[in-house]
Every structure is written in C-alpha cells, then in structure tokens.
Amino acid sequence: MSRVGRVERTTKETSVLVEIDLDGTGKTDIATGVGFYDHMLDQLGRHGLFDLTVKTDGDLHIDSHHTIEDTALALGAAFKQALGDKVGIYRFGNCTVPLDESLAQVTVDLSGRPYLVHTEPEKMAPMIGEYDTTMTRHILESFVAQAQVALHVHVPYGRNAHHIVECQFKALARALRYASERDPRAAGILPSTKGAL
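Quick caveat, the model's predicted, so the values are computed rather than measured.

Q: Got a minute to help me understand the packing of helix 2 (residues 65-83) against helix 3 (residues 135-147) in this structure?
A: Across the interface, helix 2 lies against helix 3 with an axial gap of 7 Å and an inter-helix angle of 35°. Here helix 2 runs over helix 3; the crossing is right-handed. Note on element contacts: helix 3 touches helix 2 through Met135, His138, Ile139, Ser142, Phe143, Gln146 and Ala147, opposite His65, Ile68, Glu69, Ala72, Leu73, Leu75, Gly76, Ala77, Phe79 and Lys80. Along the lines of polarity and charge, the residues of the contact of helix 2 with helix 3 split into 10 nonpolar, 5 polar and 2 charged.

Q: Would you explain unusual backbone geometry in this entry?
A: Trans is the common state for peptide bonds, and a negative phi is the common state for residues other than glycine. For Arg91, which is not glycine, the phi torsion reads 80° and is therefore positive. Note on placement: Arg91 falls in the loop between helix 2 and strand 5 (92-99). Looking at Arg91, the relative accessible area reads 11%, which means it is buried. A positive phi angle, near 55°, is found at Asp100, a position not held by glycine. Within the secondary structure, Asp100 is located in the loop between strand 5 and strand 6 (102-109).

Q: Honestly, helix 1 (residues 35-48) in this entry has me stumped. Any pointers?
A: Side chains three or four residues apart in an α-helix point the same way, a direct result of the helix having 3.6 residues per turn. Across its 14 residues, helix 1 extends 20 Å between first and last C-alpha, which sits within 8% of the 20 Å expected from 1.5 Å per residue. For helix 1, the buried fraction is high: 10 of the 14 residues fall into the buried class. Regarding helix 1, the residues found buried are Phe36, Tyr37, Asp38, Met40, Leu41, Asp42, Gln43, Leu44, Gly45 and Gly48. Taken from the residues just after helix 1, Leu49 is the one with a positive phi, measuring 55°.

Reading the values: the criteria
- Residues numbered from 1 in each chain as written.
- Predicted model: local features only at pLDDT ≥ 70, side-chain atom pairs only at ≥ 80, totals over all residues.
- Heavy atoms only, no water.
- Axes fitted to C-alpha atoms, helices over the stretch in contact; angles between N-to-C directions.
- Helix = DSSP H or I, 4+ residues; strand = E, 2+ residues; numbered from the N terminus.
- Left-handed = near helix turned anticlockwise from the far one by under 90°.
- Contact = heavy atoms within 4.5 Å.
- Nonpolar A, V, L, I, M, F, W, Y, C, P; charged D, E, K, R; others polar.
- Buried < 20%, exposed > 50% of the residue type's maximum accessible area, 1.4 Å probe, protein only.
- Expected span 1.5 Å × (residues − 1).

Here it is in structure tokens:
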C-alpha cells in the first residue's frame with residue numbers, strides 16, 4: 001500500500017501543490033521562488049528518502065512570508081495524509097546532525113498532537129539570500145500544526161546562519177524518516193496504548 005499525500009492549497013496570496021511519497025528514494029522537484037527554501041526542502045526530501053514535489057506561486061512582490069508559510073502548511077497536511085492510519089510505524093524518531101560548526105538535535109513523535117519546542121542560537125544573521133532566518137521557527141510551527149506531530153528541535157551552537165538552518169532540516173528529515181518507517185516487528189499494530197494516534 002503506497003503512502004502518498006497530495007495537497008493543493010490556494011488563497012489570494014499563494015497557490016501551492018505538495019506531493020510526498022514516504023516510501024520513495026529521495027527524488028525531489030522543488031520550486032517556491034525562494035532559493036534557500038528550495039534548498040532546504042530538497043534536503044528534507046533527499047535525507048528523508050521522501051519523493052517530494054513542491055510547486056508554489058506566491059506573492060513574492062510583497063515578501064516571502066506567505067510563500068514560505070503556506071508551503072509549510074501544505075507540506076504538513078500532505079505528510080499527515082501520507083501517514084494514513086499509522087499502523088505498523090515506529091512513531092518516534094530522532095537524529096543529531098552536525099554541519100561544520102553547527103549541530104542540530106531533532107526528536108519527533110507522530111502522536112496526533114501538535115507541539116513544537118524550538119531553540120537556536122541568538123543573534124543569527126537575519127537573512128540568507130532572500131530567506132528571513134526568523135522563518136525557520138514559523139516553518140516548523142506551520143508544519144507541526146498540520147502534520148499533528150510533537151517536534152523538538154534544538155541547535156545548541158553554531159555560527160553560520162546557513163549551517164544552523166540547514167542542519168535543522170537535515171536532522172528533521174532523518175527523524176521523520178525513522179519515525180514514519182514501518183517496524184517489521186509491529187506489523188498491524190498501532191503504536192499507542194490509547195488505541196489512537
């Protein structure tokens with residue numbers, strides 16, 4: 001049974017299409033109009049081994065906020081859709097990723113309950129190209145709200161803003177991959193004592 005999610009989201013500000021296959025090979029086709037964000041979504045697909053298509057047409061003549069936010073909302077919704085009933089998955093995943101001087105630690109619970117804890121070094125450079133570095137937390141907030149997962153992202157140190165953000169996306173990709181993979185010892189079992197996720 002394929003685990004694929006497809007979400008189209010259209011507002012007066014953006015038009016977004018996201019398709020994700022959780023059992024893919026890391027093939028990506030990303031175009032949001034925000035170069036660094038495209039790079040981060042590519043990291044998510046490649047390191048998560050998710051086949052990921054993202055096509056966003058947004059009001060970039062204003063700024064990148066709506067484009068980035070609405071893409072993250074659609075991505076979270078598509079991820080939730082692809083998970084399906086969550087029977088047989090590991091549910092929990094974590095990964096620590098270094099990128100030169102920066103380190104990111106990510107832990108996720110595909111719990112059905114949205115919650116985000118996010119810390120990163122203060123006084124980061126405000127921009128990476130056209131990407132506002134304060135948007136990283138908002139991307140995660142938007143993804144968590146729609147995917148309905150508990151996500152803890154901690155960057156204890158780092159100097160270079162590019163590295164600080166990129167190691168977060170790489171660690172997130174791996175943590176989501178590990179949590180969403182099927183556990184061969186738990187086939188047919190929902191990983192919850194409550195009987196619902």
